[in-house]
Each structure stands twice: as structure tokens, then as C-alpha cells.
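Observations on the three-dimensional arrangement
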Amino acid sequence: MLARMDVDALLNLSRRLHAARDLDAVMAEVAVAIREATRYRRAWMAVRTADGERFRVVGDRAGGDPAVSARLEAMEVSKDPYLQRCVSATAPFVIDDLRRDPDANQDHVEALGPRTVILVPMVRLAERVGAFVVGTYGDAEGVMPPTPGEYAFIIQVASLVSVVVGRIHAEEQRAALERQVGRSQRLEALGRLAGGISHDFNNLLVTIMGNAELALDLLEGHPAEELVVDVKAAADRAAALTRQLLAFSRGQPLDRRPLDVAEVIGGTARFIRRLLPTTIALEVVPPAEPSVVLADRGQLEQVLVNLAVNARDAMPSGGRLTFETRRVVLDADFVATHPWGRVGDFVVVSAIDTGRGVPPELRERIFEPFFSSKPASRGTGLGLAVVDTVARQHNGFVRVRSGDESGSAFDLYLPRAPEPGRA
Ligand SMILES: Nc1ncnc2c1ncn2[C@@H]1O[C@H](COP(=O)(O)OP(=O)(O)OP(=O)(O)O)[C@@H](O)[C@H]1O
Ligand SMILES: [Mg+2]
């Protein structure tokens, strides 16, 4: 039975929680309410993250002991049996003295000195959101089981908090979705812009390169010869850049024909060999069965070159680049447990290097156009944007696998086409 005063406190708390934008703000408000209405000084909660995969421990940093909050928050729920028990409880419980609790994590008791624990599972729409905990620490606070009024009040607070946490999660998910939509709109605008510019630019380059070549014929032995050689080299670089821009902006119509991927790799390998220093070994592993796809040869070659150049840059002191082709059939069961996949019969080309690897926090971003970790003179950040665009244009996709410092593998999935003559 809640006292009249407690009902007022709950209404007041509920109003203040409305304005809370994140879990720390929720915790701060809740801790104040607990201190005002009960004898307890400390509260914390373990909340399932919005992706549902982990728990985050949030302590009251202002009023509680900051050292306790910091220590609690650093503990990993999945690795701690005490926290595991906290987040998996299905009903509220009270432990009068954690020191006498056979299941308590005694390291934790030793380090933080918890005594009484009042735990309430946080549940929203039948889904377990986490756990809300109030308690005492150390001999100064001591063992202090709740009165029936305190217990009832804490349970009510936990149910208010569950609702607010659900609202905050929904807001976070919506914000993430908006960012994603914004990103694909930006990409589309960028693609159109790049396509428009690169067509005109390409025409100008043809003039520059043609004239540079004519001038070189006339300048044999002339002191200006070297200068024009530089002009031509710069124009070649500009042409390569324009090719990337055109590929990325889908400004070119595709010329799709049945191609044997192994044959295309074999042909391109000679060119790729010349791009690599002698400290990098190139290996081509052919597929065990015919690997025909419906593809634009020029685009496919460009993808292979882009992957090879990236591998080269990731192995400044040498290593090995392997191009491996194989057939992979992904079924619904596989896709259910591997959300990146897609159902289908694929030819997969993997570019595997022994370089520095892609750190996890960059894995999403590396496919963005103009994202580059290289100095401006070296990288434009278009290589993987082209790989991604070309993969999509061919109804395929690309995926990166990489452990830190154990190299990277870029897998290009292209739908397998029937062998020519057999279809
Ligand atoms: N094989 C790889 N190993 C490690 N990091 C890589 C690899 N391939 C790409 N990256 C990372 O992804 C980033 C983006 O690659 P992308 O090819 O799109 O651009 P870039 O190589 O920097 O420039 P550009 O290809 O336009 O010359 C790189 O800057 C690098 O940080
Ligand atoms: Mg690149």
C-alpha cells in the first residue's frame, strides 16, 4: 500500500522523466526520488541496449558514490554471474545481506561493499528491458531491509522507469533510421553531381591527352619535353579518377554479357602484377567449377584493380594478395543467422590480403564515397564506393571480413548465370 506522499512523489517523478532524453538523465531523476522517499541513497540499473544484444549498467553519478557507479558500469554483464542473475530475474526480490548470500559474487562484495539489495525486473510489453536496483553499500549504510512501503514504492519506480527506457530506445532507433535515409539521399545527389561533371571532364581530358601526345612528337629532345611528359602523366591520373567517378555515379550504361570470372581475373592479373611491388606475392586460386556471371567486363576489371590497389596500400612492407573464386549457395536458413547474406547461387570473388586490416569502427564507413584514411595525395576514397556500386548494379553485394592486423578479405558476391550454351 502506497502512502499518499509516495503517490505524489511518483506523479512528480513521472512528470520529470518525460523530459529525460537519455538513460543518465533518467537515472539522475530516479535517484533523487529514491533519496527523497526512502532511506536508501543508491540506485542503479542494468538496461538492455537498443540492439537487444548487450546490457548497459547505469549508475547514479551525482548523488551516489561515483567510484561505485564507475566500477559497476565497467563490469560486463555477460561475464559476471551476479549481474547475470540481476538481469535474468523474473520477479522482484530482496537480499538482506549480500555477504551472506551463497550466490553472491564475493569479489564484488569485497570490492564495492554492497549489503542490502532490492531488485525489480524491468519489463515492458512482456519484454525484459533490464533490472532496477536499490541498495546499501558499506558499514556506514549497513544492512537495511526495506519496509513494506519502501518496497512498494521501489517497485512502482521501476515500472515508471521501464516505460521511459522503452520510449528512449524507440527514439534512438528512429534517429538511427533517419541518419540512414539521409545518407542514401546524400549518396544519390552526390552520384548525380559526379556523373554530370565527369562526362564533361572526360571530354576535356581527351583533348588534353591528345594534344600532349602530339606535342611530345614535336618536342623530341627539346627542353620542354619533360614538362609535357608531366602534363600527360597528370592527365592519365585524372582520367583514372574520372573513370572511378563515372563508375560510381552509374553514368555509364552497363554492357552485361556472360563472363567466366576466372578468365577475367586471369586477364587482369597480368595488369595487377605490374601495380604491385615485388615484395607482394600475387596468387590466383581458380574455382572448382565454372563460374559464369552476367557482367560488364570493364566494370569487373575496375573492381579487381581497386581491390588490388587497396591491398597494396595495406601492405607497405610486403605480404600476399590472393584472388580466390568459388561458388557459394546461400539458403534461407543461412540468411536467417547471417543477416548480411541474401538467398541465391553466387560466384564469390575474394581479395584476401595480409595487411593491416580494417578496424571494426571503420567497417561501415569504408564503402562511403570519399571516405579515405590515406593522405589526400594518395586516396580519393572512391575505390570501394565503386566496388559497392558495381556489385549492386550486378544484383550482388560486397562484404568485408577483417580481423585487426590479420589482414582483410573483401568478398564480392555476384549471382551465378547459367553457362553459355546451356541456358
Ligand atoms: N585491403 C584493405 N586493408 C585495410 N584497409 C583497407 C583496405 N581496403 C580499403 N581499406 C580502407 O578503406 C578506405 C577506403 O578505401 P577506398 O578504396 O574506398 O579509398 P582509398 O583507397 O582511400 O582511395 P582511392 O581508392 O580513391 O584511391 C581506405 O582508405 C582504407 O582505410
Ligand atoms: Mg582504394
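Residues numbered from 1 in each chain as written. Chains lettered and ligands numbered in written order. Predicted model: local features only at pLDDT ≥ 70, side-chain atom pairs only at ≥ 80, totals over all residues.

1. What about the site of ligand 1?
To be explicit about the condition: To decide nearness, the C-beta atom of each residue is placed from the backbone, and the residue is near a molecule or strand if that atom lies within 6 Å of it. Working definition: helices are DSSP H or I runs of at least four residues, strands are E runs of at least two. Numbering for both runs from the N terminus. Amino acids are sorted into nonpolar (Ala, Val, Leu, Ile, Met, Phe, Trp, Tyr, Cys and Pro), charged (Asp, Glu, Lys and Arg) and polar (every other residue, Gly among them).
Ligand 1 sits among 22 residues. The nearest are Asn310, Ala314, Ser372, Gly379 and Gly383. Element by element, the count of residues in the shell around ligand 1 is highest for helix α10 (residues 297-314), at four residues. In terms of residue class, the shell around ligand 1 is made up of eight nonpolar, 11 polar and three charged.

2. Here we look at helix α2 (residues 23-37)
This is how it is decided: In a helix, the anticipated span is given by 1.5 Å times the number of residues less one. Backbone-placed C-beta atoms define the burial measure: a residue is buried with 20 or more other C-beta atoms within 10 Å of its own, exposed with 12 or fewer, and partly exposed in between. Once C-beta atoms are placed from the backbone, any two residues with those atoms within 7 Å are in contact.
Compared with an ideal rise of 1.5 Å per residue, which puts 15 residues at 21 Å, α2 spans 21 Å between its outermost C-alpha atoms and is within 8% of the ideal. Considered for burial, the residues of α2 that qualify are Leu23, Val26, Met27, Glu29, Val30, Ala31, Ala33, Ile34 and Ala37. Considering only its buried residues, α2 is in contact with α1 (4-18), β1 (42-48), β2 (55-59), β5 (127-137) and α7 (148-218).

3. Examining the sheet that holds β2
Definition in use: By this definition, two strands are paired if DSSP reports at least two bridges between them. Angular values range over 0 to 180 degrees, each being the angle between N-to-C directions of two axes fitted as lines to C-alpha atoms, with helices fitted over their stretch in contact.
Ordered in space as β2-β1-β5-β4-β3, the five strands form an open sheet in which the pairing is antiparallel. Taken across any chain shown, the strands that pair with only one partner, and hence form the sheet edges, are β2 and β3 (93-95). The average undirected angle you get between the axes of adjacent strands in this sheet is 20°. Bridge count for β3 against strand β4 (residues 114-124) is three bridges, and the pairing is antiparallel. Each bridged residue has a counterpart across the sheet, and for Val94 the counterpart in β4 is Ile118. Running over the sheet, α2 touches β1, β2 and β5 and is turned about 145° from β1. In the packing of helix α3 (residues 66-74) onto the sheet, the strands contacted are β1, β2 and β5, and the crossing angle to β2 comes to about 180°.

4. A few points about the packing of α1 against α7
Just so we agree on the cut-off: For this classification, under 35 degrees means roughly parallel, over 145 means roughly antiparallel, 65 to 115 means roughly perpendicular, and everything else is oblique. A crossing counts as left-handed when the near helix is turned anticlockwise from the far one by less than a right angle, and as right-handed when that turn is clockwise.
One can describe the packing of α1 onto α7 by two numbers: an axis separation of 11 Å at closest approach and a directional angle of 20°. It follows that α1 is roughly parallel to α7 by the angle criterion. The handedness of the crossing between α1 and α7 is right-handed. Counted together, Asp6, Leu10, Leu13, Ser14 and Leu17 of α1 and Gly149, Phe153, Gln156, Val157, Leu160 and Val164 of α7 form the full contact between these two elements. Residue composition of the contact of α1 with α7, by class: seven nonpolar, three polar and one charged.

5. Here we look at the environment of Val349
On the secondary structure map, Val349 appears in strand β10 (residues 344-353). Along the sequence, Val349 and Val181 sit 168 residues apart, while their C-alpha atoms lie 29 Å from each other. When neighbours within four sequence positions are excluded, Val349 is seen to be in contact with Val261, Phe323, Thr325 and Leu412.

6. Examining helix α4 (residues 81-88)
Our working definition: Arc definition: directions from the helix axis to the C-beta atoms.
The complete set of buried residues in α4 reads Leu83, Cys86 and Val87. Buried positions in α4, seen along its axis, are confined to an arc of 90° and lie on one side of it. Exposed residues lying more than 90 degrees from the buried face of α4 are Pro81 and Ser88. Contacts from the buried residues of α4 go to β1, β2, β4 and β5.

7. Quick notes on the domain arrangement of the protein chain
Note the cut-off: Start and end points for every domain follow an automatic or database-based domain assignment.
Assigned domains within the protein chain: domain 1 (4-175), domain 2 (183-248) and domain 3 (256-415). The C-alpha centroid of domain 3 is placed 48 Å from the C-alpha centroid of domain 1.

8. Some thoughts on the pairing of strand β9 (residues 319-330)
Summarising the sheet, strand β7 (residues 280-285) and β9 pair through six bridges and their orientation is parallel. From the neighbouring strand, Leu282 faces β9, where its bridge partner is Leu321. Relative to β10, β9 is paired through 10 bridges, and the arrangement is antiparallel. When the sheet's bridge partners are listed, Arg327 is paired in β10 with Val347.

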